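# Fold and geometry: a report
The primary structure of each chain is shown beneath.
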Amino acid sequence: MKKVLVIGSGGREHAIVYALSRSAQVDHIFCAPGNAGIASLAECVAIADTDVPALLAFAQQQQIDLCVVGPEASLAAGVVDSFRAAGIPIFGHTKAATQIESSKEFAKQLMARHDVPTAAYRSFADYNEAIAYVRSRGTYPTVLKYDGLAAGKGVVIAQNEAEADNTLRDMLVGEAFGKGKVVIEDFLQGPEFSFMAFVDHSRVYPMPLSQDHKRAYDGDLGPNTGGMGAYTPLPFISADEEQWALTHILQKVADAMVAEGKPLTGVLYGGLMKTPEGIRVIEFNARFGDPETEVVLPLLETDAYTLFHAIATGEPLQPLQWKKQATVGVVMASKGYPGSYTKGAEITGVNDFDGLVLHMGTTLRDGHLLTKGGRVLMCIAHGKDIPEAQQRVYAEIQKIHCDNLFYRTDIAHWAL
Ligand code: AMP
Ligand code: GLY
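Figured I'd write up the structure that's included with this text. Since this is a predicted model, take the numbers as computed values, not measurements.

## A closer look at the packing of helix α1 (residues 11–21) against helix α11 (residues 304–313)
Packing of α1 against α11 leaves a shortest axis separation of 7 Å and a crossing angle of 115°. When the interaxial angle is binned, α1 and α11 end up roughly perpendicular. Contacts from I16, A19 and L20 of α1 reach α11 at A304, Y305 and F308. Its residues placed into classes, the contact of α1 with α11 shows six nonpolar, no polar and no charged.

This is the structure:
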């Protein structure tokens, strides 16, 4: 029987732990640091997700058989490199391969070298050159991306020259972002969607397509968030388009990373857009999407331990099996999120929810479940189609009570 360590503490990691808990091969799961929901399936250990020496020491002491990494910060901190050097199987990319997410410029150059379809771009380290380029083009909106992990705050769609100027000053002159570069790229239009795949060098195993909802409020209004809900499948992408994106984007990038000596050994997340000219890459992530993973992974029928272990050790896999069910997941977030919010509000009724509740930011105190983050819970329901899953999730969510939570009432509206 196998012992697994999962790194991370959000809804994505709860989904990973949940998938592993259904494997007959796994008899003990540790999660560092985990959360109150994860604690019902795993033993949570108080180690920060970027404390690589402490994570490695724990894994060695417990003689774990496999480690699965959730957050990009852990990957960027080199946790995979350290575990591999110590001979412990670990699912996730090396620090070098994680650049596909951590450096916008690396990703754009890779796509240019290997002819992967994306918006035209140029990159700048100097403010004067950057603003001169923006002025010479004179077309708005224009897209400005800070080159580095910026916790979702690194992209600004500037509507005019003044906004572009202010943004470039912030990113290249001010103290707010640190020293770096800015990628300036063409503005594309169309629905966005997420195409994730498990990748081991050139072997690519696609997951079902899903879509996130980035804005805080109904009607896709309000500020950008980490994601307020997700669903799968997507009616607006045909099987041919999906196959095209798999071949011309995900497979091409997997092969390109091998050719460049930075093979992928974890999740490749394509943030894609269906434009009038075809499917284009908006960004890549080097890990599971959050909250997309919470609606996709529960559909996995293949044994999760076999899958993660095979990717970690380079064993080939059979094609993955997925349940053919529609799934809708709604995030309950603290009032005020993504701005400032308070923590510590009591949540009741979670056990009455008929479906799956994954915890994103919760804690237990004296037997009471309390909020402990911006995004707090992800409520998930399945159905034969999207309308049925949507109707179920919104009926069941009424059973969860908390004075300080809100949620969008239109998750999956793109699919109706
Ligand atoms: P990113 O962090 O690169 O995913 O960008 C955040 C968001 O900005 C994306 O989800 C898009 O909604 C938007 N965005 C990024 N690049 C572009 C682009 N070239 N054209 C239009 N919107 C974009
Ligand atoms: N849901 C978007 C992300 O995980 O980056």
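## Focus on the site of ligand 1
Contacts to ligand 1 come from 14 residues, most closely from E185, D186, L188, E192 and E283. Taking E185, its side chain carries an N or O atom lying 2.7 Å from a nitrogen atom of ligand 1. Contact with the protein chains hides 86% of the accessible area of ligand 1, taken as 470 Å² for the molecule alone. Mapped onto the shell around ligand 1, the elements with two or more residues apiece are β7 (142–146), β8 (155–158) and β17 (278–285). For the shell around ligand 1, the residue count by class is seven nonpolar, no polar and seven charged.

## A closer look at the site of ligand 2
Near ligand 2, the surroundings consist of D212, Y269, N285, R287, G289, D290, P291 and E292. Here an oxygen atom of ligand 2 and a side-chain polar atom of N285 are 3.2 Å apart. Compared with its free state, where it exposes 200 Å², ligand 2 has 89% of that area covered by protein. Along the lines of polarity and charge, the residues of the shell around ligand 2 split into two nonpolar, two polar and four charged.

## Brief notes about the pattern of salt bridges
Considering all chains together, one arrives at 20 salt bridges under this definition. Here D165 makes a salt bridge to R169, at a shortest N to O gap of 3.5 Å. One end of the pair is D165 and the other is R169, both in helix α8 (residues 161–172) and four residues apart, which spans about a single turn. Judged by its relative accessible area of 39%, R169 is partly exposed. Among the salt bridges present, the one from R408 reaches D220, with a minimum N-O distance of 2.9 Å. Of this pair, R408 sits in the segment after β24 (405–406) while D220 sits in the loop between β13 (215–217) and β14 (221–224), and the two are 188 residues apart along the sequence. Assessed through its relative accessible area of 1%, R408 is described here as buried. Salt bridges linked by common partners bring R12, E13, E72, E101 and R287 together as one network.

## Details of the packing of aromatic side chains
For the structure on display, the rule yields 13 aromatic pairs. Considering the side-chain rings of F30 and F58, the 5.0 Å spacing of their centres and the 90° angle between planes classify their relative orientation as edge-to-face. One end of the pair, F30, is in strand β2 (residues 26–33); the other, F58, is in helix α2 (residues 52–62), with 28 residues separating them in the sequence. Grouping residues by exposure puts F30 and F58 together as buried.

## Let's talk about a nonpolar patch on the surface
On the surface, a nonpolar cluster with roughly 210 Å² of combined accessible area is contributed by V155, I157 and F187. Relative to the elements of secondary structure, V155 occurs in strand β8. Judged by relative accessible area, V155 falls into the partly exposed class, the value being 39%.

## Structural notes on the nonpolar core
One finds L5, F83 and I100 to be the most contacted residues of the largest nonpolar core, which totals 78 residues. The contact partners of I100, leaving out residues within four places of it in the chain, are F106, A107, L110, V253, M257, L264, L268, F284 and A286. Counting 48 residues, the second-largest nonpolar core is a separate cluster that includes V4, L66, L297 and L317.

## Points about the pairing of strand β11 (residues 203–206)
As paired elements, strand β10 (residues 192–200) and β11 share four bridges and run antiparallel to each other. Paired with A197 across the two strands is P206, which belongs to β11. Taking the residues between adjacent antiparallel strands as the criterion, β10 and β11 are bridged by two residues, where H201 takes a positive phi near 50°.

## Considerations on the sheet that holds strand β5 (residues 90–91)
Spatially, β3-β2-β1-β4-β5 is the arrangement adopted by the five strands of the open sheet, whose pairing is parallel. Edge positions in the sheet fall to β3 (43–44) and β5, since each has one partner strand and no second. Direction of pairing for strand β4 (residues 66–69) relative to β5: parallel, over a ladder of two bridges. Counterpart to V68 in the pairing with β5 is F91. On the sheet, α1 packs against β1 (2–8), β2 and β4 and is oriented at approximately 170° with respect to β1. Across the sheet, α2 lies against β1 and β2, angled at about 170° from β1, the strand it touches most.

## A look at the state of the cysteines
Taken as a whole and judged by the stated rule, the model has zero disulfides. Considering cysteine sulfurs only, C402 is the nearest to C379, which forms no disulfide, with 11 Å between them. For C379, a relative accessible area of 0% translates into the label buried.

## Here's the deal with the environment of N35
Mapped onto the fold, N35 is located in the loop between β2 and β3. Relative accessible area serves as the criterion here: at 8%, N35 is assigned to the buried category. As for N35 and G10, which are separated by 25 residues in sequence, their C-alpha atoms are 7.2 Å apart. Setting aside its immediate chain neighbours within four residues, N35 contacts S9, G10, C44, H359, M360 and T362.

Cut-offs used in this document
- Residues numbered from 1 in each chain as written.
- Chains lettered and ligands numbered in written order.
- Predicted model: local features only at pLDDT ≥ 70, side-chain atom pairs only at ≥ 80, totals over all residues.
- Heavy atoms only, no water.
- Axes fitted to C-alpha atoms, helices over the stretch in contact; angles between N-to-C directions.
- Helix = DSSP H or I, 4+ residues; strand = E, 2+ residues; numbered from the N terminus.
- Parallel < 35°, antiparallel > 145°, perpendicular 65-115°, else oblique.
- Contact = heavy atoms within 4.5 Å.
- Nonpolar A, V, L, I, M, F, W, Y, C, P; charged D, E, K, R; others polar.
- Near = heavy atom within 4 Å.
- Polar contact = N/O pair within 3.5 Å; in protein donor to acceptor, adjacent residues only side chain to side chain.
- Areas by Shrake-Rupley, 256 points an atom, 1.4 Å probe, with all protein chains shown as cover.
- Salt bridge = Lys/Arg side-chain N within 4 Å of Asp/Glu carboxyl O.
- Buried < 20%, exposed > 50% of the residue type's maximum accessible area, 1.4 Å probe, protein only.
- Phe/Tyr/Trp six-rings, centres within 6.5 Å; stacked < 30°, edge-to-face > 60°.
- Patch = residues over 30% accessible without salt bridge, like charges linked within 9 Å, V, L, I, M, F, W, Y side chains within 5 Å.
- Core = buried A, V, L, I, M, F, W, Y, C linked by side-chain atoms within 4.5 Å.
- Pairing = 2+ DSSP bridges.
- Disulfide = S-S within 2.5 Å.

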